[in-house]
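Now for the letters of each chain:
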Amino acid sequence: MNFKQPLQECISSYASHFSKLHNKPEFDKFRLGIGKLLNEISVKNIKKNNQINVPRKVVEYLNKCSEINKFSGSLENSLLSISNKLDWYKIINGTNLDKKLVNGLFAAQLCGSRGLIKSDEIYLGLFLLAPNLLYPLHQHEALELYHVCAGNIEISHGRKKNPFKVNQGDFSLTPSNQVHSLRTGSEPCLFSYIWVGGKNKLPGKSWWWQENSDGFWSRISWERQTDSSWKISGSERLTEELIKEAGDY
Ligand SMILES: [Fe+2]
């Protein structure tokens, strides 16, 4: 399958969206990253994706997303049309984890460590979340942009602030290290994400927050392994300083 054309369409649509946001400096890093990708796509080695995996649940949710995606723009449409040609995987996997989360969080990369274009500077991909799901509080060094292709999602930045809703066609920005959680409603949600790194290469550690039985909070670190799966690599109690650094006030 030739991925160059659908990939180019997605990245060009993103580039044209960012050009309309030229007066918003908070999008500069994404604009630069996407511009670089667009220039390099013809000479980059696009992976020949002969073996793609689209789990049954992903097919079901993508069909639902196509149904609810009636009035979207060209960016949403180009992402939706490539969505069933990508290699989908479960974001987390493991025996002792909440089954609803394991079976309700899926991702596929256009660009990244396991994307059609390899990169450890910028990730561009799709997330698909099951209905009525809470993606719990987590943080990562990467600066993160979400863009909703179909459905809607509620995002919380920290434990105390009110959540905000991101609707189809809208964007959200999550600063580096900001702790955040996501919640879907009665429909699945398909959204694209872009990660840009700081001083370290992507993906870096992801920290998941949890409340302990003694009422204190800790964070558990997940690290990407060489086979691209995520494994727990440690945990630590959250100090006032770590909480402040995570923008949880
Ligand atoms: Fe995130």
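Computed from a prediction, not measured in an experiment: that's the story for all the values here.

S.K.: Go over the nonpolar core, please, and point to the residues and values.
M.R.: Residues Cys 111, Ile 122, Leu 126, Leu 128, Leu 190, Phe 191 and Ile 194 are the most contacted members of the largest nonpolar core, which totals 48 residues. Looking at which element gives the most residues to this core, the answer is strand E4 (residues 122-129), with 7 residues. Those residues in contact with Phe 191 that lie beyond four places of it in its chain are Phe 127, Tyr 146, His 147, Val 148, Cys 149 and Ile 153. Among the nonpolar cores identified, the runner-up in size contains 5 residues, and Leu 137, Trp 207, Trp 209 and Ala 246 belong to it.

S.K.: Go over the pairing of strand E10 (residues 180-184) with me, naming the residues and quoting the values.
M.R.: Within a regular beta strand, the side chains point alternately toward one face of the sheet and then the other, so they alternate between its two faces. Every second residue of E10 is oriented toward a common face, the buried set being His 180, Leu 182 and Thr 184 and the non-buried set Ser 181 and Arg 183. Two strands pair when backbone bridges link them, and strand E5 (residues 134-140) and E10 are joined in this way by 3 bridges, in the antiparallel orientation. Note that in E10 the partner of Leu 134 across the bridge is Arg 183. Judged from the 5 bridges that link them, strand E7 (residues 153-157) and E10 form a sheet pairing that is antiparallel. Within E10, the position partnered with Ser 156 by the bridge is Ser 181.

S.K.: Could you give an account of the environment of Tyr 135, naming the residues involved and the relevant values?
M.R.: The topology assignment puts Tyr 135 in strand E5. Exposure remark for Tyr 135: the 21 C-beta atoms within 10 Å place this residue in the buried category. Aside from chain neighbours lying at most four places away, what touches Tyr 135 is Leu 105, Leu 129, Ser 181 and Leu 182.

S.K.: Could you give an account of the environment of Tyr 14, naming the residues involved and the relevant values?
M.R.: Following the sequence through the fold, Tyr 14 ends up in helix H1 (residues 4-20). In sequence terms Tyr 14 and Leu 38 are 24 residues apart; their C-alpha atoms lie 9.6 Å from each other. Among all residues touching Tyr 14, those that are not within four sequence positions of it are Ile 34 and Leu 75.

S.K.: Give a detailed account of the sheet that holds strand E13 (residues 217-224), specifying residues and quantitative values.
M.R.: One key point about sheets: their strands pair by backbone hydrogen bonds, in either a parallel or an antiparallel sense. Here 7 strands make up an open sheet; going across it, the order is E8-E7-E10-E5-E12-E13-E14 and the pairing antiparallel. Edge strands, defined here as strands with exactly one partner in the open sheet, are strand E8 (164-166) and strand E14 (230-237). Adjacent strand axes in the sheet meet at a mean angle of 30 degrees, parallel and antiparallel pairs treated alike. Judged from the 6 bridges that link them, strand E12 (residues 206-211) and E13 form a sheet pairing that is antiparallel. Bridge assignment links Trp 208 to a residue of E13, and that residue is Ile 220.

S.K.: Account for helix H2 (residues 28-40), with residues named and values stated.
M.R.: Over its 13 residues, H2 extends 18 Å from the first C-alpha to the last, a length consistent with the 18 Å expected when each residue adds 1.5 Å. Phe 30, Gly 33, Ile 34 and Leu 37 are the residues of H2 that are buried. Looking down the long axis of H2, one finds its buried residues gathered within 95 degrees of arc, a one-sided arrangement.

S.K.: Please set out the packing of H1 against helix H4 (residues 74-83) residue by residue, giving values where relevant.
M.R.: The N-to-C vectors of H1 and H4 enclose an angle of 155 degrees; their axes lie 9 Å apart at closest approach. By the angle between their directions, the pair H1 and H4 is classed as roughly antiparallel. At the point where H1 passes H4, the crossing takes the left-handed sense. Residues Pro 6, Glu 9, Cys 10, Ser 13, Tyr 14 and His 17 of H1 pack against Ser 74, Leu 75, Ser 78, Leu 79, Ser 81 and Ile 82 of H4.

S.K.: Go over the pairing of E4, please, and point to the residues and values.
M.R.: Most of E4 is tucked away, with 8 of its 8 residues classed as buried. Of the two faces of E4, both are covered, the one formed by Ile 122, Leu 124, Leu 126 and Leu 128 as well as the one formed by Tyr 123, Gly 125, Phe 127 and Leu 129. In this structure, strand E2 (residues 105-112) lies alongside E4, joined through 6 bridges in antiparallel fashion. Note that in E4 the partner of Ala 108 across the bridge is Leu 126. Here 8 bridges tie E4 to strand E11 (residues 189-196), and the two strands are oriented antiparallel to one another. Directly across from Leu 124, in E11, lies its bridge partner Ile 194.

S.K.: Give a detailed account of the packing of H1 against H2, specifying residues and quantitative values.
M.R.: Orientation of H1 relative to H2, taken along the N-to-C sense of each, is 145 degrees, at an axis distance of 9 Å. The handedness of the crossing between H1 and H2 comes out as left-handed. Between H1 and H2, the contacting residues are Ile 11, Ser 12, Tyr 14, Ala 15 and Phe 18 on the first element and Phe 30, Arg 31, Ile 34, Gly 35, Leu 37 and Leu 38 on the second. Looking at the contact of H1 with H2, its residues break down into 8 nonpolar, 2 polar and 1 charged.

Conventions we followed
- Residues numbered from 1 in each chain as written.
- Predicted model: local features only at pLDDT ≥ 70, side-chain atom pairs only at ≥ 80, totals over all residues.
- Core = buried A, V, L, I, M, F, W, Y, C linked by C-beta atoms within 7 Å.
- Buried ≥ 20, exposed ≤ 12 C-beta atoms within 10 Å, placed from the backbone.
- Helix = DSSP H or I, 4+ residues; strand = E, 2+ residues; numbered from the N terminus.
- Contact = placed C-beta atoms within 7 Å.
- Pairing = 2+ DSSP bridges.
- Axes fitted to C-alpha atoms, helices over the stretch in contact; angles between N-to-C directions.
- Expected span 1.5 Å × (residues − 1).
- Arc of directions from axis to C-beta.
- Parallel < 35°, antiparallel > 145°, perpendicular 65-115°, else oblique.
- Left-handed = near helix turned anticlockwise from the far one by under 90°.
- Nonpolar A, V, L, I, M, F, W, Y, C, P; charged D, E, K, R; others polar.

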